[in-house]
Amino acid sequence: MIARNPRIAHLEAGYLFPEIARRRRAFEAAHPAAGPEDRVLSLGIGNTTEPILPLTGAGLTEGARCLATPEGYTGYGDEQGLPVLREKIAEVWYHGAVQADEVFVSDGAKCDIGRLQLLFGQEVPVTVQDPSYPVYVDGSVLAGAAGAWAGAGYQGITYLPCTAENGFFPDLTPLPQGAVLYFCSPNNPTGAACTRPQLQRLVDTALRRQALIVFDAAYAAFIRDPQLPRSIYEITDAASCAIEVNSFSKPAGFTGVRLGWTVVPRALKYRDGKSIHTDWLRIVTTIFNGASNIAQAGGLAALSEGGLGEIRALTDYYLRNASLILQTLKGLGIPCVGGDNSPYVWARFAGRDSWEVFGEILEKCRVVTTPGAGFGPAGQGFIRFSAFGHQKDIEEACRRLGERL
Ligand SMILES: *Cc1c(COP(=O)(O)O)cnc(C)c1O
């Protein structure tokens, strides 16, 4: 038979969510619920739970209906997305700070991050915030840009610790020359949202080091503080050092619909002066065949005036949950970050092992969380609480946490 891809053999992580599910099943088998009020509740997942709202839903339905009519039928579209949707994103999301032809519509941010890794080549050093969303690291390992697991991280990946001591904004000094830096704000898993001066420091450092930022703004729609930037392009000179990925998944409940976008500014150039935009177009048109036309019809509806109101309502719903979790944990004297401009609360259990705390919360409260250590070495001693859930369940989970922890 064929030889196994050694890069897949290198993957150390990826066990996180299956491992959580395994421990939950084992716990439920050993301690079955006495009744419905005793069931195990989850504050563990980053998956949406609330239905898509009516105007956005009508856009999806209409997109599907058109496909079954002779006048409305469309086959393959442009790989980069519907021109009207690209224009709408440039106008509504970026207020003209980026051009429509710099917006590439995709089937989601995670998938695009995987494809972006083809752009960089194996020689480009990879840098991530620690902790971080797993695809930045695992995708880099699969693309051959990182070596084997070496105890507390991969060879060839620079980890920038985000800790309580640095306010969850990393020291950028170790950023290598000519690196690609994955950066997420509001952050998954820490929930920390960067300020304008912090992002300016990020951009300035990237420019000095000739580095490229891949800015993951998947949670931008959760920002409520008007002082906080919602896009890297609000920062001076970001268009010459940053790509931004974004998604309809969390704001519009499109986790299962699949629609996102990536902005690659025309000003972005490689060291030799060649255009990154040109190469990205080449990759997208080669291995991607465009987002679903139904999903794009839904995306257009979500960016209409009414649709934007629905995004606001849906994110408000999860932010209320987040606020309840935050208040509950604070009431217990547990130090926390996030939960205000983000659907995640990152709670510190200093000196403890994340998995041990996970087990304690599961046993005492029958609540599933996510152990911070699963997101990187600096996540040790933290637990991520997710606000994605039905309000009633979040209220019940918080009641148990408050009474039993
Ligand atoms: C959920 C999430 C995404 C969205 O991924 P999609 O593929 O668009 O669903 C991207 N980045 C982060 C950090 C996320 O948590």
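What you see is a predicted model, and the numbers here were worked out from it, not measured in a lab. (Residues numbered from 1 in each chain as written. Predicted model: local features only at pLDDT ≥ 70, side-chain atom pairs only at ≥ 80, totals over all residues. Heavy atoms only, no water.)

Caption draft 1: Expanded view of the overall build of the protein chain. The helix and strand inventory of the protein chain stands at 13 helices and 13 strands. A globule of 405 residues ought to have a C-alpha radius of gyration of about 22 Å, and the protein chain, at 21 Å, matches this closely. Principal axes of the C-alpha set define a box for the protein chain whose edges measure 60 × 55 × 50 Å. Considering only contacts within the protein chain whose residues lie at least 6 apart along the sequence, 73% involve residues at least 24 apart. Only carbon and sulfur atoms are counted for the fraction: they give 55% of the accessible area of the protein chain, which is about 17,100 Å². Charged side chains in the protein chain number 37 positive and 41 negative. The centres of these two groups are separated by 3 Å. (Helix = DSSP H or I, 4+ residues; strand = E, 2+ residues; numbered from the N terminus. Rg over C-alpha atoms; globule rule 2.2 N^0.38 Å. Contact = heavy atoms within 4.5 Å. Areas by Shrake-Rupley, 256 points an atom, 1.4 Å probe, with all protein chains shown as cover. Lys, Arg positive; Asp, Glu negative; His and termini not counted. Charge placed at Lys NZ, Arg CZ, Asp CG, Glu CD.)

Caption draft 2: Geometry of the domain arrangement of the protein chain. Domain annotation for the protein chain reports domain 1 (6–52 + 307–404) and domain 2 (55–304). Computed from C-alpha coordinates alone, the two centres of domain 1 and domain 2 are separated by 25 Å. With both chains or domains summed, domain 1 and domain 2 bury close to 3,700 Å², and 62% of this area falls on carbon and sulfur atoms. Together, Arg7, Ile52 and Asn341 form the three largest contributors to the area buried by domain 1 at its contact with domain 2, with a combined 18%. Where domain 1 touches domain 2, the interface holds two salt bridges. Residue Arg348 pairs with Glu165 through a salt bridge whose shortest N-O separation is 3.1 Å. Across the contact surface, domain 1 and domain 2 share 17 residue pairs in polar contact (both at pLDDT 80 or more). For the side of domain 1 that touches domain 2, the elements supplying multiple residues, two or more each, are α1 (6–10), α11 (305–331), β9 (336–338), β10 (344–348) and β13 (382–386). (Domains from an automatic or database assignment. Buried area = accessible area lost by both parts, 1.4 Å probe. Salt bridge = Lys/Arg side-chain N within 4 Å of Asp/Glu carboxyl O. Polar contact = N/O pair within 3.5 Å; in protein donor to acceptor, adjacent residues only side chain to side chain.)

Caption draft 3: Summary view of unusual backbone geometry. Residue Pro131 is reached from Asp130 by a cis peptide bond, and omega for that bond is 5°. Secondary-structure assignment places Pro131 in the loop between β3 (126–130) and α6 (134–142). In the segment running from Ser185 into Pro186, the intervening peptide bond is cis, with an omega of -10°. Topologically, Pro186 is positioned in the loop between β5 (180–184) and α7 (196–208). Within the chain, Phe168 stands out as a residue other than glycine whose phi angle is a positive 65°. Among the secondary structure elements, Phe168 is positioned in the loop between β4 (157–161) and β5.

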